[in-house]
Each structure stands twice: as C-alpha cells, then as structure tokens.
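Now for the letters of each chain:
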Amino acid sequence: MTMTSPTQGPEPVLASTPHRPVRRPLRLRPGAGQQLRGGPFAYAALAVVGIGSLLPLYWTLVAASHTQDEVLATTPPFLPGGRLLHNLDAAWSQANLGTAIVNSVIVSGCITVATLFFCTLAGYAFARMRFRGRGALMTGVIATLTIPPQLSVVPLFMMMSDIGWGGKLESVIFPTLVSAFGVFFMRQYLSEALPHELIEAAKIDGANNFRIVRSVVLPVARPAMTVLGMLTFVQAWNDFFWPYLALSQENPTLQVALGQLNASYTPDQSIVMAGALISTLPLLVVFVIFGKQIVGGIMSGAVKG
C-alpha cells in the first residue's frame, strides 16, 4: 500500500500562454539609404507640372511663327508656322532690340555683381560679427521689405534728375546695387553654414577680416550666392516699372522696348510674341549654364536648414 504525504498536493496545471513570435532584428535591404525612386504617380505628376510649365513658352513660339490673323482665329494653330524669322526681324527693327539687349545685359550684370558683393559682406557682418546696434540695424533692413517700392518713385526720380542721371543707365543701376532681401538671405545662410570655430581658426592664423572673407566666407557662401545671383539677374532683367520711368525711349532696356511694340493702337500680336521670345532666350541660356549650381545651392540650403 502506497502512502501519500499529507503535504503533497495535486500537481499544478500550467495555464496555456499564447505563442508570441520572436522578433528578428531589422535588416536593411541592399541599397538602403540611396535615393528613392518614384512610382508611376510621381512620374505622372512631374510630367503634368513640366508640361504646364513649358506650355506658355511653347505657345509664345507658336504665336511668333504665324500671322496675327492666324493667332486670333477661332481655332488657333497648335504647331509652329513658317513666319518665325520674319516676325523676329520685324520685332528687332521696330523696337530697336539690339540696343535694348545690350542695355539689359549691362544693367542686369552690374546689379547682380554688386548685389552679391554687398549682400555677402553685410550678411557675414550680421551673422558672425559682434557690434553695437546689430539687432536694430537688422530689424531696420527687414522693415524696408514692407515698404512698397512705388512710394519711393517720386523722390528717387527727383534725386536722379538732380544728379544729372535722368535717362541714363546709372539711374537704374545705382538705386538697386544692394537689396534687403539679399542681406537677409545671406545672413540666414551664413548663420547656419559658417561655424564660429572656422573664423576663430583663421584669426589665430593671423588673417584679417578681408582675408577671412576671401578665403573662408566666399567658399562657404558660394551655393547661396549662386541662388541669389540667379534671382537677382532674373528680377533685374524683367524689371519694367522703374526703367520705364527713368530711361528714355531712345535708350531703353529690353522690357521697355517690348512695351513699345504693344503701345500702338492695333499692335501685331505675332510680332509682340516674337519680341517676348527674344527676351526669354537669354534667361534660358543662363539657366542652362548655371542650372546645376542653382539646384545644388537650393538643396544645400535645404539640408543645412
């Protein structure tokens, strides 16, 4: 006969626990971290945006290669015609576009170079130099962006007349040698992209402020300068309001000359479009040459921000 210990109870019944799968460590697939590839929807969206952006330029080409009757017909043409050279020659002779293009190149080039120089120096001073009244001065620079440029037209016109620059290119160049937006833009970029340690190291090596700007600031600021230069050149090239008031009809910029084509009682729209096509081509050439640097500058600013 088997004796059972009084302290020994029945065996405990283990509760059944649900099975939990063991989590495996994540493994990055080959090529992870590389540039992502867009799907069909992304390519379709990019195609729509690209076509929408090129459509005005294409219509300008189509209208410039037809007669005015064909352009204003109930069913306008959708393909380029054979009168492009004729309309280009007519626009070139009627509006004196040769002189206008030379004046626009001079004005836009001088404004762009001066804006890059002065705005980079001012942006560096506001970003990394310590001086009394720095915050108040920067606030004043930003405050000028809120003032409409139309308010300064009358005193600026009187000032140019008193100096003796009425009707000359100097009256268009000198009032826009520096821009408040350019100063603010360069200050924001250099505040993020230019470390204090780099400047301190240059000072320890005995470099003065001009050497620091030439050897340290300018190489760091090159991407932002490319973007600012492109924006400034396009704005100066397309400016119409102030050059129209400051310059004479015999010495116009390109946009003022194009305004003369459309100033008659019954302007020929095909010739006007031909002139607009001529004014657009230099901007396309500049963008093709500096497009890679512009996109690189924008991406560099986005990454640093």
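Data block above holds the structure.
Residues numbered from 1 in each chain as written. Predicted model: local features only at pLDDT ≥ 70, side-chain atom pairs only at ≥ 80, totals over all residues. Heavy atoms only, no water.

The method is simple in principle: a probe with the dimensions of a water molecule rolls over the atoms, and the space it marks as empty is what remains. The computed volume of the largest pocket comes to approximately 1,100 Å³. Around the largest pocket, the lining is made up of 35 residues, and of these Pro149, Pro175, Thr176, Val178 and Gln235 lie nearest the centre. Listed by contribution, the elements that provide at least two residues to the lining of the largest pocket are helix 4 (97–128), helix 6 (153–163), helix 8 (180–193), helix 10 (209–238), helix 11 (241–246) and helix 12 (254–261). Of all the elements, helix 10 adds the most residues to the lining of the largest pocket, at six residues. Its volume calculated, the second largest pocket comes out at about 240 Å³. What lines the second largest pocket is simply Ser53, Leu54, Leu57, Thr60, Met230, Val234, Ala276, Leu277, Thr280, Leu283, Leu284 and Phe287. (1 Å grid on protein atoms, 1.4 Å probe; cavity = no way out; pocket = protein on both sides within 12 Å on 5 of 7 lines; lining within 4 Å. Points joined across faces, edges and corners; volume = space filled by probe spheres on them. Helix = DSSP H or I, 4+ residues; strand = E, 2+ residues; numbered from the N terminus.)

Moving on, we come to the packing of helix 5 (residues 134–143) against helix 8. Put simply, helix 5 and helix 8 touch, their axes get as near as 8 Å, and they point 130° apart. Between helix 5 and helix 8, the angle falls in the class oblique. Crossing handedness for the pair helix 5 and helix 8: left-handed. For the pair helix 5 and helix 8, contact is made by Met138, Val141 and Ile142 and by Ala180, Val183, Phe184 and Arg187, respectively. (Axes fitted to C-alpha atoms, helices over the stretch in contact; angles between N-to-C directions. Parallel < 35°, antiparallel > 145°, perpendicular 65-115°, else oblique. Left-handed = near helix turned anticlockwise from the far one by under 90°. Contact = heavy atoms within 4.5 Å.)

Tracing the sequence through the fold places tryptophan 92 in helix 3 (residues 84–94). A residue is classified by how much of its surface remains accessible, and tryptophan 92, at 42% relative accessible area, is partly exposed. Spatially, the C-alpha atoms of tryptophan 92 and isoleucine 278 are 8.8 Å apart, while their sequence positions differ by 186 residues. Discounting chain neighbours no more than four positions away, the residues touching tryptophan 92 are Leu97, Gly98, Ile101 and Ile278. (Buried < 20%, exposed > 50% of the residue type's maximum accessible area, 1.4 Å probe, protein only.)

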